[in-house]
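# Working through the structure, step by step
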Amino acid sequence: MIKGNLKAPSERADWSGEDVNYWIKFKNVRHLTVKGGGELDGSGQIWWQNSCKINKSAPCLDAPTALVFHRCEKLRVSDLTIRDSQKFHVVFSKCANVKAFHLTIRAPQWSPNTDGIHVTGTQDIMIFNCFIGTGDDCISIVKGSKNVYVKDIVCGPGHGISIGSLGKKNPEAHVSNVVVEKATLIGTTNGVRIKTWQGGYGYAENIVFQDIFMTNVSNPIIINQHYCDSRKPCYQQNAAVAVRGVRYKNIIGTSATDISVNFNCSSTVPCRDIGLQDISLVTPHSFKSLSSCINVHSSEEAGTVFPSCNGIKNQ
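Owing to the predicted nature of the structure, the values given are computational and were not obtained by experimental measurement.

About the criteria used
Residues numbered from 1 in each chain as written. Predicted model: local features only at pLDDT ≥ 70, side-chain atom pairs only at ≥ 80, totals over all residues. Heavy atoms only, no water. Pairing = 2+ DSSP bridges. Helix = DSSP H or I, 4+ residues; strand = E, 2+ residues; numbered from the N terminus. UniProt positions renumbered as here; feature names shortened; annotations may be inferred. Buried < 20%, exposed > 50% of the residue type's maximum accessible area, 1.4 Å probe, protein only. Contact = heavy atoms within 4.5 Å. Disulfide = S-S within 2.5 Å.

All right, on to the pairing of strand β16 (residues 201-217) then. Relative to β16, strand β14 (residues 172-186) runs parallel, the two sharing 13 bridges. By the bridge assignment, Thr184 is partnered in β16 with Phe213. Bridge count between β16 and strand β18 (residues 242-255): eleven bridges; the pairing is parallel. Counted as the bridge partner of Ala204 is Val243 from β18.

Following the UniProt record, the feature "active site" (unreviewed entry) maps to His159 here. With respect to the element layout, His159 can be found in the loop between β12 (145-155) and β13 (161-166). Judged by its relative accessible area of 25%, His159 falls in the partly exposed class. If sequence neighbours within four positions are ignored, His159 has contacts with Gly135, Asp136, Asp137, Thr189, Asn190 and Arg193.

Bringing the side chain of Ser78 into the picture now. Within the secondary structure, Ser78 sits in strand β6 (residues 73-83). Residues in contact with Ser78, not counting those within four places in the same chain, are Val34, Lys35, Gly36, Phe101, His102 and Leu103.

Moving on, we come to the state of the cysteines. The tally for this structure, following the rule as stated, stands at five disulfides. The disulfide partner of Cys52 is Cys60, and the gap between their sulfur atoms is 2.0 Å. Handedness of the Cys52-Cys60 disulfide follows from its S-S torsion of about 105°: it is right-handed. Covalent S-S linkage joins Cys138 and Cys155, the inter-sulfur distance amounting to 2.1 Å. Looking down the S-S bond of the Cys138 and Cys155 bridge, the torsion is 85°, so its handedness is right-handed. Remark: Cys155 occurs in strand β12 and Cys138 occurs in the loop between β10 (123-133) and β11 (139-141); sequence separation between them is 17 residues. Accessibility assignment for this pair places Cys138 and Cys155 in one class, buried. When the cysteines engaged in disulfides are numbered in sequence order, the protein pairs them as 1-2, 3-4, 5-6, 7-8, 9-10. Left unpaired, Cys95 is separated from the closest cysteine sulfur, that of Cys72, by 4.8 Å. Note on Cys95: relative accessible area 3%, which makes it buried. No disulfide involves Cys130; its sulfur sits 11 Å from that of Cys138, the nearest cysteine. Taking relative accessible area as the criterion, Cys130 reaches 1% and is therefore assigned buried.

Below, the structure is given as structure tokens:
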């Protein structure tokens, strides 16, 4: 039970050694429930100010995650507020049979690398009824994750709900069986996103985004197989993490960018089996929007789809 407010040390000098990676960590625990209505305050401001993403002359150093669950099974996390983490707010790492719900996660829009919920190497996880607004992905799902169900999420500000990034520094990465439904995104820099680096291998497959409402969202629907979040330019590579079996259904709202459906897929490992059904995404002033669908093979559309990818594949 976590009640009241827990506040992390605010000075970076108070953190040293391995402890710099996390603030609170649960490891190798079965049948664990963490709840109580309390608040975790990561005191992240000094870390953000010294991040190389904010201060371009600063070295790129790691920062603590507020709350980490590692190799936990039959885990329940609920009824907590986590705010202003130094880096990620909540991480589920190599866990199984997880339910995370009724969580409120908040950090300023400018705070770097402050993902709300980060899922890595975790299977059979449900995330539902959460309010998340940070400076990075509201939810990020990365390599080794399988059977992920996300429902009733309010996201914003932030970078949207993301699969990835996958394949950085050329490793193998697999993500499969992900459903994201009944989400509301407000003012985010991306909507529902799949992002992979060039040079990796593996796959992101069997993914469903459905019943999603967006307000003033940039890049509402995006697959980017040329993701490059790096100080140095990323050079062209033939290898890529495959993206296949992705369904977008009943996604409506307004786009802050002219291009609201953007599939930037690899020429050597193109996106395959991409489905769009009942899509309506327009800019708030012109009530129009565009699609860019590059290297998309074996795609299909059903119902009313606007903007459509039909007829402009591989352009």
